[in-house]
Amino acid sequence: MGMAAPTVDEFFDTEFLTSLQGFSLWARRIISGGRHAEQLSKDKGAGLEFADYKAYVPGDDTRTIDWNIYRRLGRVVVKVFEERQELPVYLLVDRSSSMYFEDAPKIGVALKVALALASISLSQHDSVGLFSFSDNLEMKLKNGSGQGRLMRVAERLAELEEQGATELVQAIEGVERLRLRRGLLVVISDFYDPAGLDAVLGSLRQTRHRLLLVQLIGNHDLDPAGRRDMRGDVRLRDCESGEAVDVSLTPAILASYRAIVNDFNERLTTFATGHGAAFLRLNTDEDVLPQLAAAFEAGRIEI
Amino acid sequence: MNFANLSWPWLLAGAAGLAGLLYVLQQLRIRYTEVAVPTAMFWREAARDAPVRVFRRRFRHWLAYLLSLLICLLLWLGLAEPRVDDPEGGQYHVLFLDGSAHMSAPGDLERAIERVRDDLRRLPDDQREVIWGGARNLKLLNAGEESLLFDRRVDGLVPEGAPSAVADQLDLLALPGAYPEAVRLVIYGRAPVSEEALDGLPENVEVQRAQGPEEPVPNRGIVAMGLGTAASGRWDTVDVLVRVASAGDLSTLPGDVELSLDGAPLSGAVIQDAPPDGFVLRDIPAAGGLLEVRMSEPDALPADDMAQLRLPERRELRVAVSASLGSVLADAVQADPGLLLAEADPEVVFRRAGEAFGGDLPAVEFAPMNEQEAAFEIRYTGNLDAESALRDSLQGLGLSLIDGAGMAAEAGRPVSVQTSGGETRSISVWLELLDERFNFTASRAFPLFVTRTARWLTEEDAAYAYLAAGRLAPEDSSEFALTGPGDSATRLLGADLPPARSGTLEAPGGGLSYPVSLLSAAVTTGQTGVELPAFAPAAAGLAGPSLLALLLILAALALLAFEWYAYQRGMMP
């Protein structure tokens, strides 16, 4: 049933990481307070790209006074520049039992995606922090930047172990309670929280962070008729809670199931669209890189 | 529509049983397969609208049930081997498997059985029966019985040492009402059918032969064997006639046979030719021995290569004659070399009625005419009817030779023979017949009467010619008048029917055993009688059954494959 997470060597694929070099994550405007970096912040100040003029007030850097205007108009104005800062990226990786289910568990894809996003973020001088969750939230790595940090992220990811049930609502609320600097919260999960999608979406609405939702879903989740053991009368036991549901697998009930799954996916997509969140749905039974490439249209995702 | 392996009731019962069994299996299919999933939350929601089946309420898969039922029924039908209805046009078939000595050549019977087996597949069960034509005709398979029973019942059967009894079957077919309107007798084997037998059949009866005309098997065998009084006149010997016949290229010569008496080679016997195909053994001792004649070289038909004959036992009989009867009887006794006139220890006595002479010994008594109505009163033993007893008396005691009319004229009243049953044999004769005026004592019948009555009273029967399988008639010819009491012999042996097959007939209550030989010229010479039309089941019947059964089974397999496909694709539970 449950599978062990891949080791660092197994998923720290340099070829895979190299192929991500063209991708980037861009926030439209980030909250000021961070160190200088490449993300466009709301602050105007010390930067390289000219933004505007403003009247000089005592305390302004005299090096920014535009003396040409002063000569022509007799007014003292200073140049204002765009200030670029780092984007704090918080990777929240699901390590509940459902992520370790089946022969090709979703956790493998989850770790690859987490590493890929960490790699992209670090390459553009953003800081990356790592959280894992199941029925409790754990901070695996505080935010930090620099290319050297990628290996540490990989090591922490490799340390993740299967644990308990999906409690995404508590995890998001837990992140919120940490009062972290506003940044990008990347949720990598199958979103199968027993509390229901409504509760999950409710908690996501409450977060101060920008959101990138990465939904992992397998072929058998979409269409269970493909499984050899899904025939006739079956007792379906939840791999996390152990609760059983007796089902007679008729075409009607299979169709009903597919409709419910489609509705679940549709609602997740609609939420992301409506709240300015980025959304990636990755099929865990297919190669990750082509799916990522398709998601990073024109090489970037803008949040 | 008919079925080769099942009757309609069995087929329908099986189909109903399958339907019921499948229904119960569908009902009882409650064992859940446990499957772990990460998406139980979705399933719970889906199951809310489609609750799981529970016992007696969960039979919702009608299509799956019908598909399974269809597959099972197709297989069941295929195994039943359906046939296109009645290629023979409603004709009833009597399959006559010849099991007589005609079929004793190696392989003959096996081929016939195989052919019967083939034809059974082509004929409707309720329109055929199989008869085993051995020494007696026995029904092997009744109409409506499963063809599979034929194999079991024919197992172990071998050709019997008897001529064919096909004539009996033809007699039965000729009986009105014995069989359906249109009936066809199919003979599997060489059993000959005579022109007369065919002529006696009604129009609704056909007779055909399964195989085409077959060449007779090269064969040589003994076809007749009988005995008669020795031509030499010796009372203690007999002459034996043997006839040999052949079929094919084999010739017959006296030297082709070996003779033995009580198991020892019979040497020194005088053999004379008896054309065309026989020879006579002269002066064979009549001492109750077992004479065996055997062909020197065995051939294809062993059944007729040996014949046996129980020789009569002729011994000197001690006879006493009462002095009150005069000398005429004593003279007759002394003249017979087989009788010895003895005062002491006689076995038979001749006396006047009422005399104490001889006590309880068997006696021929002479009573005055006025005390006895019939000239000859004969008391016999056994279960003979009066008519048979009278016939035997007239012939066996020589009474048929007396001048009855002359004696009646002399006596002035009818001369008659009266027979009655009793515990011991006895003979009572008019005393007056010993007078010369009746001319009885001077007639040629008198010495014969004396000697035969003496021997009859001691229950020493006349010799019989032979016992042949399936018939009673003694061999008779103008040249050799073989004495053969025929049915008297079989009555002696306590049998009501002729001996069915070659072998040994045991006398009831122990005692002597009597050999029964085949002795059938028809078997030995391979007679086939008239040529019969060849039986050929309709071509449609030949190809139909197995092809249709194959198609049904293939259809079932195709549906099975479809069910598997549908199951794999999740289209059915």
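Predicted model, so just to flag it, every value in this text is computed and none were measured.

Participant: What's the story with the overall build of chain B in this structure? I'm lost.
Facilitator: The helix and strand tally for chain B stands at 14 helices and 25 strands. Among the 573 residues that make up chain B, the fraction classed as buried is 37%. Here the analysis covers contacts within chain B between residues at least 6 apart in sequence; of these, 73% occur between residues at least 24 apart.

Participant: Sorry if this is basic, but what is going on with unusual backbone geometry here?
Facilitator: For residues besides glycine, phi is generally negative; the peptide bonds are generally trans as well. Positive phi is not limited to glycine here, since A:His125 has a value of about 65°. When you line up the elements, A:His125 lands in the loop between helix H4 (106-123) and strand S5 (127-133). Positive phi, normally seen in glycine, also occurs at B:Asn439, with a value near 60°. Relative to the assigned elements, B:Asn439 resides in the loop between strand S23 (426-430) and helix H11 (445-457). Since 15 C-beta atoms lie within 10 Å of it, B:Asn439 is described here as partly exposed.

Participant: Is there a simple way to think about the sheet that holds strand S7 (residues 183-188) of chain B in this case?
Facilitator: Backbone hydrogen bonds hold the strands of a sheet together, and the pairing may be parallel or antiparallel. All names here are of chain B. The mixed open sheet is built from five strands, whose spatial order is S6-S5-S4-S7-S8. Two strands close off the open sheet at either side, each with one partner strand: strand S6 (137-141) and strand S8 (205-209). Direction aside, neighbouring strands of the sheet carry axes that sit 25° apart on average. Pairing of S7 with S8 involves five bridges; the strand directions are parallel. In the sheet register, Leu185 faces S8, and the bridge partner there is Val207. Along the sheet, helix H4 (residues 108-122) contacts strand S4 (92-98), strand S5 (128-133) and S7; its crossing angle with S4, the most-contacted strand, is approximately 165°.

Participant: Can you walk me through helix H6 (residues 168-177) of chain A in this structure?
Facilitator: The α-helix advances 3.6 residues per turn, and as a result positions three or four apart in sequence lie on the same side. Residue and element names in this part refer to chain A. When H6 is considered as a whole, its buried residues turn out to be Leu168, Val169, Ala171, Ile172 and Val175. End-on view of H6: buried residues confined to an arc of 165°, all on one side of the axis. Taken together, the buried residues of H6 touch strand S4 (88-94), S5, strand S6 (137-144), strand S7 (184-189) and helix H7 (197-206). Backbone geometry just after H6 places Arg179 at a positive phi near 55°.

Participant: How should the sheet that holds strand S22 (residues 417-421) of chain B be read in this particular structure?
Facilitator: Residues and elements named next belong to chain B. Taken in spatial order, the seven strands line up as S18-S17-S19-S20-S23-S21-S22 in an open sheet, and their pairing is mixed. Of all the strands in the sheet, the pair left with one neighbour each is strand S18 (339-341) and S22. The sheet shows a mean angle of 20° between the axes of neighbouring strands, taken without regard to direction. Bridge count between strand S21 (residues 376-380) and S23: four bridges; the pairing is antiparallel. Note that in S23 the partner of Glu377 across the bridge is Ser428. Relative to the sheet, H11 contacts strand S17 (317-321), S18, strand S19 (348-352), strand S20 (363-367) and S23, its axis offset from that of S17 by approximately 110°.

Participant: Is there a simple way to think about the confidence of the model for chain B in this case?
Facilitator: Residue and element names in this part refer to chain B. Per-residue confidence for chain B gives a mean pLDDT of 78; residues scoring 70 or more make up 79%. Across residues 539-544, confidence stays below pLDDT 50; counting only partners more than four residues off in sequence or on other chains, it has nine contacts. Scoring the predicted complex yields pTM 0.45 and, for the interface, ipTM 0.80.

Participant: I keep staring at the interface of chain A and chain B and nothing clicks. Help me out?
Facilitator: Size of an interface: often given as the accessible area lost when the parts come together. Of the residues lining the interface, 34 residues belong to chain A; the matching set on chain B comes to 27 residues. Looking at the side of chain A that touches chain B element by element, the count peaks at eight residues for helix H9 (residues 251-274) of chain A. By residue class, the composition of the side of chain A that touches chain B is 19 nonpolar, five polar and 10 charged. The sheet contact formed by strand S9 (residues 233-238) of chain A and strand S2 (residues 33-37) of chain B spans five bridges and is parallel. Among the inter-strand pairings, A:Leu236 is bridged to a residue of S2(B), identified as B:Val35.

Participant: Is there a simple way to think about the environment of B:Gln308 in this case?
Facilitator: Residues and elements named next belong to chain B. Along the chain, Gln308 turns up in strand S16 (residues 306-310). Looking at Gln308, the number of C-beta atoms within 10 Å reads 21, which means it is buried. As a C-alpha pair, Gln308 and Arg294 span 14 residues in sequence and 8.6 Å in three-dimensional space. Setting aside anything within four residues of it in sequence, one finds Gln308 in contact with Leu290, Leu291, Glu292, Pro515 and Ser517.

Participant: What should I look at first to understand H7(A) in this one?
Facilitator: Residue and element names in this part refer to chain A. Taken together, the buried positions of H7 are Val200, Ser203 and Leu204. Taken around the axis of H7, the buried residues stretch over an arc of 100°, which confines them to a single face. Opposite the packed face of H7, turned more than 90 degrees from it, sit the exposed residues Asp198, Arg205 and Gln206.

Participant: Honestly, the pairing of S16(B) in this entry has me stumped. Any pointers?
Facilitator: Each regular strand carries side chains that alternate between the two faces of the sheet. All names here are of chain B. Most of S16 sits out of view: five of its five residues are buried. Where burial is concerned, the two faces of S16 agree: the one with Met306, Gln308 and Arg310 and the one with Ala307 and Leu309 are both buried. Sheet topology note: the strand S15 (residues 290-295)/S16 ladder contains five bridges and is antiparallel. Directly across from Leu291, in S16, lies its bridge partner Leu309.

Participant: Whenever I open this one, the nonpolar core confuses me. Can you help?
Facilitator: Where a protein is soluble and globular, its nonpolar side chains tend to be buried together. In this structure, A:Leu91, A:Leu92, A:Ala110, A:Ala114, A:Val186, A:Ile188 and A:Val214 are the most contacted members of the largest nonpolar core, which totals 71 residues. Looking at this core, the element that brings in the most residues is H4(A), giving 12 residues. Aside from chain neighbours lying at most four places away, what touches A:Ala110 is A:Val93, A:Asp94, A:Met99, A:Ile188 and A:Leu216. Formed by 68 residues, the second largest nonpolar core is a distinct cluster that contains B:Ala245, B:Val257, B:Met306 and B:Leu532.

Thresholds applied
- Numbering of residues begins from 1 in every chain and follows the order in which that chain's sequence is written.
- Labels are handed out in written order, letters beginning with A for the chains and numbers beginning with 1 for the ligands.
- Two thresholds apply to this predicted model, a pLDDT of at least 70 for residue-level local features and 80 or more for giving and counting side-chain atom pairs, whereas whole-chain, interface and lining totals are computed over all residues.
- The way it works is that DSSP assigns letters per residue, a run of H or I at least four long becomes a helix, a run of E at least two long becomes a strand, and they are numbered from the N terminus.
- Three exposure classes are used, based on other C-beta atoms lying within 10 Å of a residue's own C-beta, which is placed from the backbone: buried for 20 or more, exposed for 12 or fewer, and partly exposed in between.
- Throughout, a residue-residue contact means that the two C-beta atoms, derived from backbone geometry, are no farther apart than 7 Å.
- Pairing between strands is defined by DSSP: at least two bridges between them are needed.
- Think of each axis as a best-fit line through the C-alpha atoms, taken over the contacting stretch in the case of a helix, with angles from 0 to 180 degrees between the N-to-C directions.
- Directions drawn from the helix axis to the C-beta atoms are what define this arc.
- Looking at any residue, its pLDDT shows the predictor's confidence there, from 0 to 100.
- Side-chain classes are defined by residue name, with Ala, Val, Leu, Ile, Met, Phe, Trp, Tyr, Cys and Pro counting as nonpolar, Asp, Glu, Lys and Arg as charged, and the others, Gly among them, as polar.
- The term nonpolar core refers to a group of buried residues, namely Ala, Val, Leu, Ile, Met, Phe, Trp, Tyr and Cys, whose C-beta atoms join them within 7 Å.

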